[in-house]
Amino acid sequence: MIYADYAATTPVDDEVLALMLPFFSQSFANASSVHTKGRDASSYVENARKIISDIFNCNKNEIYFTSGGTESDNWAIKGYVEENDVKHVITSQIEHHAVLNTCLELEKKGVRVTYLPVDETGLVDLNRLEESICKDTGLISIMTANNEIGTVQDINKIGEIAKKFNIPFHTDAVQAAGNMNIDVKKSNISMMSVSAHKFFGPKGIGVLYVKNGIKIKNMLYGGAQEKDKRPGTVNTPLVVGMVAALKKASDNIFRNNEITRERAEIIKTYVLNNLDNVYVNGNADHKLSGTISMTFKGIQAEGLLVLLDMKGICVSAGAACSAGAVKTSHVIQAINKHNEGGTIRISICHLTTVEEAEQIAENIVEAVRSLRNN
Ligand code: PLP
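Residues numbered from 1 in each chain as written. Predicted model: local features only at pLDDT ≥ 70, side-chain atom pairs only at ≥ 80, totals over all residues. Heavy atoms only, no water.

1. Quick word on the side chain of asparagine 256
Rule in force here: Helix numbers and strand numbers start at the N terminus; a helix is a DSSP run of H or I with at least 4 residues, a strand a run of E with at least 2. Any pair of residues with heavy atoms lying within 4.5 Å of one another is described as a contacting pair.
Looking at where asparagine 256 falls in the secondary structure, it is placed in helix 9 (residues 253-274). Those residues within four positions of asparagine 256 in sequence are excluded, and the remaining contacts are Ala249 and His350.

2. A closer look at the site of the ligand
Here is the rule: One heavy atom within 4 Å of a molecule or strand is enough for the residue carrying it to be called near that molecule or strand. Whenever two N or O atoms come within 3.5 Å, that pair is a polar contact, provided that in protein one can donate a hydrogen and the other can accept it, and provided that, for residues adjacent in sequence, both atoms are side-chain atoms. Reported accessibility uses the Shrake-Rupley method at a 1.4 Å probe radius. Residues are deemed covered only where the shown protein chains occlude them.
Close to the ligand lie 13 residues; Thr70, Asp172, Gln175, Ser195 and Lys198 are nearest. Measuring from an oxygen atom of the ligand, one finds a backbone N or O atom of glycine 69 at 2.8 Å. At 2.6 Å from a nitrogen atom of the ligand is found a side-chain nitrogen or oxygen belonging to aspartate 172. Out of a free accessible area of 390 Å², the ligand has 85% covered by protein chains. For the shell around the ligand, the leading source of residues is helix 4 (residues 69-84), giving three residues.

3. Quick notes on unusual backbone geometry
Cut-off, in case you're wondering: When accessible area is computed with a 1.4 Å probe and restricted to protein chains, residues below 20% of their type maximum are described as buried, those above 50% as exposed, and intermediate ones as partly exposed.
Phi at asparagine 57 takes a positive value of approximately 60°, unusual for a residue other than glycine. Tracing the chain through its elements places asparagine 57 in the loop between helix 3 (36-56) and strand 2 (63-66). Classification of asparagine 57 by relative accessible area gives partly exposed; the value is 32%. In this model, lysine 227 sits at a positive phi of 50°, which is unusual for a non-glycine residue.

4. Remarks on the sheet that holds strand 9 (residues 278-281)
Inclusion rule: Note: two strands are recorded as paired if DSSP finds a minimum of 2 bridges between them. Where helices are involved, their axes are fitted lines through C-alpha atoms of the stretch in contact, as for all axes, and angles between N-to-C directions lie from 0 to 180°.
Read from one edge of the open sheet, four strands run 9-10-15-12, paired in antiparallel fashion. Each edge of the open sheet is held by one strand with a lone partner, namely strand 9 and strand 12 (316-317). Sheet analysis places strand 12 next to strand 15 (residues 342-347), joined by two bridges and oriented antiparallel. By the bridge assignment, alanine 317 is partnered in strand 15 with isoleucine 344. Contacts from helix 10 (residues 301-310) reach strand 10 (291-296), strand 12 and strand 15, with the element oriented near 40° to strand 15.

5. So, the state of the cysteines
Put simply, the rule is: When two cysteine sulfur atoms are found within 2.5 Å, that pair is recorded as a disulfide.
Applying the stated criterion to the full structure yields zero disulfides. No disulfide involves cysteine 314; its sulfur sits 13 Å from the nearest other cysteine sulfur, which is in cysteine 349.

6. What to know about the sheet that holds strand 4 (residues 112-116)
Spatially, 2-8-7-6-5-3-4 is the arrangement adopted by the seven strands of the open sheet, whose pairing is mixed. Strands at the two margins of the open sheet, each flanked by one partner only, are strand 2 and strand 4. Along the sheet, successive strands turn relative to each other by an average axial angle of 20°, direction set aside. Bridge analysis of strand 6 (residues 169-172) against strand 7 (residues 191-195) gives three bridges, and the strand direction is parallel. Across the sheet, the residue bridging to histidine 170 is methionine 191, located in strand 7.

So this is what it looks like as structure tokens:
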């Protein structure tokens, strides 16, 4: 099997897993307990918070642990809008459903939402962003990197615009964290969502960074954990795993990206040299190194996925299936480019070997040829 779906999720790194294991059965105490074991657990949790805050250049008390990207996105947007009675939110058409469906829910409650279009490479038009800001605008939520096409937005410029108009800026950095350096101060980010299972950490844990001074409604109501804002016994093993994974990914960003870029080039070059009517989606200059989105004219993504799966290659469609019909994804629709073909996402990483990259490419070419001949 060749796994090329790292944008969907990553395995837990072996070293990370080894660090986590004692926290399930030996150092299992509740981090809120006042006895020695509890205080020990708490010190690991607080140390993790400190390491994460150093990585993103913020204060320790601005890091909240959540159950992952979906919760962080929901909490940031809904929590801020409800607490501050926001009337207008600006986001983009290519956000993850964790953002889009939260916005749809807010629309039902009377909040106006502007979904900014993107250019054919997936970049938000910053002039359109400025033009969309009005006196009611209370929140801008634009993702750092897109999960389907890998396009990375100019978050520094978006942050500057947000600052100029004194509007908080939330960014969904679920695909970006661990793959690129993020400095929340430099980019003027007010809230940021992160998820551990995208950078070789465990599933079910994430972070919401909330800048001091930004007020959001509680996620839940209960005990005093996470400054009363997101109560519930802290999941110490997952926190320990997340921070170890984030630290390892952050320390190796440059090297990992170099390797990944080289492997991605092997795939793209081979496929483009051997097939006509193939389009590589996304922005070549502003993108995640391992996310490759390709549209193949004249075929359907479903068929290609099945053929590749039969060959032992795991990739994803850039499309969602509903009632047996392939629906072009909202991201591919928004870039409005070559969406008459089938789009797949091949997402690789530094663990992808040269041989695997070659096999992925050869199998794609073979499968597309056979589908086009049928
Ligand atoms: N946002 C983006 C951009 C994602 O890619 C994902 C997951 O695929 C999420 C949010 C949701 O994260 P989680 O799976 O941790 O809930």
